[in-house]
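Secondary and tertiary structure notes
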There are 2 protein chains.
Amino acid sequence: MEEYTAQRRVCIVGAGLVGALASVYFAQRGWHVDVFDTRPDPRVSQDSAHNQQRSINLAISTRGITALKQVGLGLAEEVLQAAIPMHGRMIHGLTGHQSSQAYGVFGQCINSFERKRLNISLLDAAESFSNVTMHFGYTLRACDLDQGAAKFEVRATGQEYVVTVDLIVGADGAYSTCRRQLMRRTRMDYSQTYISHDYCELTIPARQNEHGEQEYAMDPNHLHIWPRHTFMMIALPNKDRTFTCTLFMPKEQFEAIATPESLLAFYQTHFPDAIALIGRDQLTHGFFANPRGALMSVKCTPYHYQDKMVILGDAAHCMVPFYGQGMNCGFEDIQVLFRILDELQVTTTVPPPGQAKAVDSQWHSQMQRALDCYTRTRHRDAVAICDLAMYNYIEMRSSVVSWQYLFRKKLEDGLHKLFPSLIIPLYTMVSFTQIPYHKAIERHERQTRWLTRGLMGVGVVTTAALAALVRCYRK
Amino acid sequence: MEEYTAQRRVCIVGAGLVGALASVYFAQRGWHVDVFDTRPDPRVSQDSAHNQQRSINLAISTRGITALKQVGLGLAEEVLQAAIPMHGRMIHGLTGHQSSQAYGVFGQCINSFERKRLNISLLDAAESFSNVTMHFGYTLRACDLDQGAAKFEVRATGQEYVVTVDLIVGADGAYSTCRRQLMRRTRMDYSQTYISHDYCELTIPARQNEHGEQEYAMDPNHLHIWPRHTFMMIALPNKDRTFTCTLFMPKEQFEAIATPESLLAFYQTHFPDAIALIGRDQLTHGFFANPRGALMSVKCTPYHYQDKMVILGDAAHCMVPFYGQGMNCGFEDIQVLFRILDELQVTTTVPPPGQAKAVDSQWHSQMQRALDCYTRTRHRDAVAICDLAMYNYIEMRSSVVSWQYLFRKKLEDGLHKLFPSLIIPLYTMVSFTQIPYHKAIERHERQTRWLTRGLMGVGVVTTAALAALVRCYRK
């Protein structure tokens, strides 16, 4: 058999979580991979400026883990080793009372881990392939999509650097430059919406126990929530026994708190138990010094241009963080894309010069078909999870303490235990299965109809029985 | 009284219809006005490249006319003089049968006129003010919104030109650069949606009558529609006795017509009467040679940044053309903005050096209050008309021939005649009044409820009466 010399080339813009994992997938299939990021290499840089507006910890669940497992290399195991399992929500009442709500009836958990650490693992994994080259400090300036050319500015020198490739992958996040380039060449339906709430991160330090050891100040195996209806605070555990708290609140409410005194009064009223946990000084320092972030939701379609560009992760669908699915969905994007590429048998070798032309044009049309298919199948799922994430903010900050919610959760959890494949709670479908997001919503709606009818049926029968009983008694 | 020497400066980006009219409004209030446009001056240039994707004729109705009347200068009269009144829709059936549907029960009309001619009138009106300067061939490159600075590239020389002003007005159309600049500094909610239909313009030439005179080939006082459910063609009269036809159709359907034969077969099936009107050769030439446009709807908010920038017209709300309100709404934007500026008594003179600081900061906060108010009040109306325009496409291409639509139109028109201020048809409210768009929708929905209840009431009474009659008869 003839040995081919040249490989298809892909240029991945963005070396964050999704870009780094995508580079591993492409590398494993034999592509010649160049990864570019405007930021410095997180493995050598102490500069955390680029992390300022990003949450430092994330929760990985089934979709993310499955995408990691698929590459092998012990990546999934490494991540789970370094993560802290959270089996449920811990609801903090106004009196400091805590009550646990399990995420799944079979003890499933989501896993809190440090964003930077996973990023480094993924970059190391990518660089272990000889066909991957990383370029840090390169800012994308423009693309010539028809030529497959991407023009970067080298930040250190200001010089221009151009690569011409078979495929450009945009994994450059919520404010994606690739998406903007795509918008110029496609009729893109696009929407971005800011919610009226901002967020601010605070830290609950580890505390010393009686033996002088550092320990968690709260149960580490829960995601802690202080739901206060129109705003909330949450806390996720870190490996160093601290918690990262995030306060979500309307912008105006943040602005109304202008002094340490008013901050403490606010916490005294709404999160009294958190003052001791965070510490007065850290609370006031953190609240006024830490950056405040905005929360945006982005939907768009198509995700691709012909056979030349595709966008993945936050670049394609940026969601509010309330379902903990942003990264999981981004990782699943990669899985879905490669399932399609594999199914359509898109090869990675460039045909030898002799038979180049026909084979080449066939490759391009195959690649275009794959990307068409990707946009078509993935868009409805991305829209579904963006909507769910938006809805879940109401659930987290308010519904979790309503009796209707708790009643339905109990009922659905009970039925799920009895008929595991017939009735599956929405949260379980989203976090602990790979059921496509849009199908999970459809199924949830169907289940809601069944439950409503069932409950009404019970109501009718009970009423009839009671009426019969009353009649018997009267006679 | 002390004489002030300096005036507030405004820079208007875009010298199209909305930009040109806005410059007149600003000039009349004494602002120092600079208008910039990337295109050449339409009054001296034969270059129609910038018009390629724009419809050459438009319909002006009450909102647009009122905004023109407010400046005086005989502008409204001049426009109406040059326009052709259209009193209703002329529906073309498959057999060539034509039926007229009046727009208003009191003989109101919308007015077809040439875009370029109105643009020239407005530019002439603006330049008649000594405080207005026009700059053609200047492309906006960037804004420093905090400084109120706008940087242009002079197309002829490639040089940079910077102005620093009190207010930047973005009237630079659907693909607005100002809006993009605004997006970088505000948390803008933004959505753009392409409809699946493209459009293509064709011409119906004038015909010679028996006396050898040029005359209109169809009734000139109607907007002609060939509604074909999933697509349609319309025609608007021009002053030179031609009609401009626009064919709206799904992109795929356009692409499916690849040869003159298939085009003629298509017209033979769907628009048989139009073949003779347009002429076989002009039809095939026009269809394949004229550019095909996409149709996009854009909504966004806010429209302003502090006291420094505001966007108007298509830059702020781009709608599909099916309600004929795009320009009317843009003109009304200007009226609404100036009503607020006048109400808040935003002055246009710069305070003399002595008292500069305090007065100046007061001016800025007043201006910001005005722009805040503008975004708040105008956004819901812009959203309302964008939605109505989208809905009206279905009405124009399909509903106009359904009996339900015709029945309701007859009923509502009749009631409007009887009770002119109690029941007003939606089209009348939108096109022939200045009722804010969002209130027009609310009122339309209320009327729908009344009509439905009324009809049901009639139904109930009739049924009861019939039943009584039957009973009488049986006895």
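Residues numbered from 1 in each chain as written. Chains lettered and ligands numbered in written order. Predicted model: local features only at pLDDT ≥ 70, side-chain atom pairs only at ≥ 80, totals over all residues. Heavy atoms only, no water.

Going by the annotation in an unreviewed UniProt entry, the name recorded for chain A is Kynurenine 3-monooxygenase, with Dimargaris verticillata given as the source organism. Its UniProt record, at the heading Pathway (unreviewed entry), says of chain A: "Cofactor biosynthesis; NAD(+) biosynthesis; quinolinate from L-kynurenine: step 1/3." A UniProt comment under Function (unreviewed entry) is attached to chain A, and it reads "Catalyzes the hydroxylation of L-kynurenine (L-Kyn) to form 3-hydroxy-L-kynurenine (L-3OHKyn). Required for synthesis of quinolinic acid." (UniProt positions renumbered as here; feature names shortened; annotations may be inferred.)

Attention now moves to the domain arrangement of chain A. Residues and elements named next belong to chain A. Here chain A is described as being made up of domain 1 (9-88 + 105-189 + 299-396), domain 2 (194-294) and domain 3 (402-474). On a C-alpha basis, the centres of domain 1 and domain 2 stand 32 Å from each other. Seen at the junction of domain 1 and domain 2, the total is 0 salt bridges. Elements represented by at least two residues in the side of domain 1 that touches domain 2 include exactly β3 (57-60), α3 (75-82), β4 (84-86), β7 (110-114) and α11 (356-397). (Domains from an automatic or database assignment. Salt bridge = Lys/Arg side-chain N within 4 Å of Asp/Glu carboxyl O. Helix = DSSP H or I, 4+ residues; strand = E, 2+ residues; numbered from the N terminus.)

What follows is about the packing of helix α12 (residues 403-418) of chain A against helix α14 (residues 437-474) of chain A. All names here are of chain A. Two elements in contact, α12 and α14, have axes whose closest approach is 12 Å; the angle formed by their N-to-C orientations is 100 degrees. Judged by the inter-axis angle, α12 sits roughly perpendicular to α14. Between α12 and α14, the contacting residues are F407, R408, L411, E412 and L415 on the first element and H444, Q447, T448, L451 and L455 on the second. Of the residues belonging to the contact of α12 with α14, the class tally is 5 nonpolar, 3 polar and 2 charged. (Axes fitted to C-alpha atoms, helices over the stretch in contact; angles between N-to-C directions. Parallel < 35°, antiparallel > 145°, perpendicular 65-115°, else oblique. Contact = heavy atoms within 4.5 Å. Nonpolar A, V, L, I, M, F, W, Y, C, P; charged D, E, K, R; others polar.)

Further remarks concern the packing of aromatic side chains. Taken as a whole and judged by the stated rule, the model has 51 aromatic pairs over all chains. Consider the rings of Y103 of chain A and Y427 of chain A, whose centres lie 4.7 Å apart with planes at 10 degrees: the pair is stacked. Remark: Y427 of chain A occurs in helix α13 (residues 426-432) and Y103 of chain A occurs in the loop between β6 (98-102) and β7; sequence separation between them is 324 residues. The same class applies to Y103 of chain A and to Y427 of chain A, which are both buried. Joined through ring pairs, the aromatic side chains of Y25, F26, W31, F338 and W363 of chain A make up one cluster. One residue, R292 of chain B, lies across the ring of F287 of chain B, its end atom 5.0 Å from the ring centre. In this structure, R397 of chain B packs its charged tip against the face of Y393 of chain B, placed 4.4 Å from the ring centre. (Phe/Tyr/Trp six-rings, centres within 6.5 Å; stacked < 30°, edge-to-face > 60°. Buried < 20%, exposed > 50% of the residue type's maximum accessible area, 1.4 Å probe, protein only. Lys NZ or Arg CZ within 6 Å of the ring centre and 35° of its normal.)

All names here are of chain A. A cluster of nonpolar side chains, namely L418, F419, L422 and W450, defines an oily patch on the protein surface of about 430 Å² accessible area. Summarising the element assignment, W450 is placed in helix α14. Under the relative-accessibility criterion, W450 is labelled partly exposed at 40%. (Patch = residues over 30% accessible without salt bridge, like charges linked within 9 Å, V, L, I, M, F, W, Y side chains within 5 Å. Areas by Shrake-Rupley, 256 points an atom, 1.4 Å probe, with all protein chains shown as cover.)

Attention now moves to the nonpolar core. Among the nonpolar cores identified, the biggest contains 169 residues, and F26 and F331 of chain A together with F26 and F331 of chain B are the most heavily contacted of them. Among residues more than four places away in sequence, those in contact with F26 of chain A are V10, I12, W31, V33, L167, V169, L337 and F338 of chain A. (Core = buried A, V, L, I, M, F, W, Y, C linked by side-chain atoms within 4.5 Å.)

Looking now at the interface of chain A and chain B. Think of interface size as the accessible area that goes away when the parts come together; that is how it is often given. Contact residues are listed per partner, giving 12 residues for chain A and 12 residues for chain B. Roughly 1200 Å² of surface becomes buried between chain A and chain B when both sides are summed, with 45% attributable to carbon and sulfur atoms. For the chain A face of the interface with chain B, the top three residues by lost area are R187, Q192 and Y194 of chain A, together amounting to 50%. The interface formed by chain A and chain B includes 2 salt bridges. Applying the counting rule to chain A against chain B returns 8 residue pairs in polar contact (both at pLDDT 80 or more). Its residues placed into classes, the side of chain A that touches chain B shows 5 nonpolar, 3 polar and 4 charged. As paired strands, strand β13 (residues 189-204) of chain A and strand β13 (residues 189-204) of chain B are joined by 3 bridges and run antiparallel to one another. (Buried area = accessible area lost by both parts, 1.4 Å probe. Polar contact = N/O pair within 3.5 Å; in protein donor to acceptor, adjacent residues only side chain to side chain. Pairing = 2+ DSSP bridges.)

This paragraph deals with the environment of L415 of chain A. Residue and element names in this part refer to chain A. Tracing the backbone shows L415 in helix α12. Relative accessible area serves as the criterion here: at 22%, L415 is assigned to the partly exposed category. Residues L415 and P425, 10 residues apart in the sequence, show an inter-C-alpha distance of 9.2 Å. Apart from residues no more than four positions distant in its own chain, L415 is found in contact with I423 and L451.

A few words now on the sheet that holds strand β10 (residues 149-154) of chain B. Residue and element names in this part refer to chain B. Sheet architecture is open: 3 strands sit in the order β9-β10-β11, paired in antiparallel fashion. Of all strands in the sheet, those bounded by a partner on one side alone are β9 (138-144) and β11 (160-164). The average angle at which neighbouring strand axes cross in this sheet is 25 degrees, direction not considered. Sheet topology places β9 next to β10; 6 bridges connect them, and they run antiparallel. Bridge pairing in β10 links C143 to A150.

Here we come to the pattern of salt bridges. Residues and elements named next belong to chain A. Applying the stated criterion across every chain, the model contains 44 salt bridges over all chains. Among the ionic pairs, D146 bridges to R185, the shortest N-O distance being 2.6 Å. In this pair, D146 sits in the loop between β9 (138-144) and β10 (149-154) while R185 sits in helix α5 (residues 177-185), placing the two residues 39 residues apart along the sequence. In this structure, the salt-bridge partner of K409 is D413, at a minimum N-O distance of 3.2 Å. Of this pair, K409 and D413 both sit in helix α12, 4 residues apart, which is roughly one turn of the helix. The residues K409 and D413 share a single accessibility class, namely buried. In the salt-bridge network here, residues are joined through shared partners; they are D41, R43, D124 and E127.

Now for the relation of the copies chain A and chain B. For the pair chain A and chain B, the superposition axis carries a translation of 0.0 Å, the fit reaches an RMSD of 0.1 Å, and the rotation angle comes to 180 degrees. Put plainly, the chains are arranged around a two-fold axis. Rotation axis and chain A: the residue whose C-alpha lies nearest the axis is S191 of chain A, separated from it by 2.0 Å. (Least-squares fit on C-alpha atoms with pLDDT ≥ 70 in both.)

Turning next to the sheet that holds strand β8 (residues 132-136) of chain A. All names here are of chain A. With mixed pairing, 6 strands are arranged side by side in an open sheet as β8-β2-β1-β12-β21-β20. Each end of this open sheet is capped by a strand with a single partner; those strands are β8 and β20 (304-305). Note that strand β2 (residues 32-37) and β8 share 5 bridges and pair parallel. Bridge pairing in β8 links V33 to V132. Contacts from α5 reach β1 (9-13), β12 (167-170), β20 and β21 (309-311) within the one sheet, and its direction differs from that of β21 by about 125 degrees.

Leave glycine aside and you will find that most residues have negative phi; peptide bonds, for their part, are mostly trans. Residues and elements named next belong to chain A. Cis geometry marks the peptide bond from T301 to P302, where omega comes out at 5 degrees. Mapping P302 onto the fold places it in the loop between β19 (292-301) and β20. With phi around 60 degrees, L73 is a residue other than glycine that occupies positive phi space. Mapped onto the elements, L73 comes out in the loop between α2 (62-71) and α3. Backbone geometry places H229, a non-glycine residue, at a positive phi of 65 degrees. Relative to the assigned elements, H229 resides in the loop between β16 (222-227) and β17 (232-237).

On to the environment of S398 of chain A, then. With respect to the element layout, S398 of chain A can be found in the loop between α11 and α12. Excluding its chain neighbours within four sequence positions, the residues that come into contact with S398 of chain A are P227 and H229 of chain A.

Turning our attention to the side chain of T284 of chain B. All names here are of chain B. By secondary structure assignment, the location of T284 is in helix α9 (residues 280-289). Judged by relative accessible area, T284 falls into the buried class, the value being 16%. When neighbours within four sequence positions are excluded, T284 is seen to be in contact with P260, L263 and L264.

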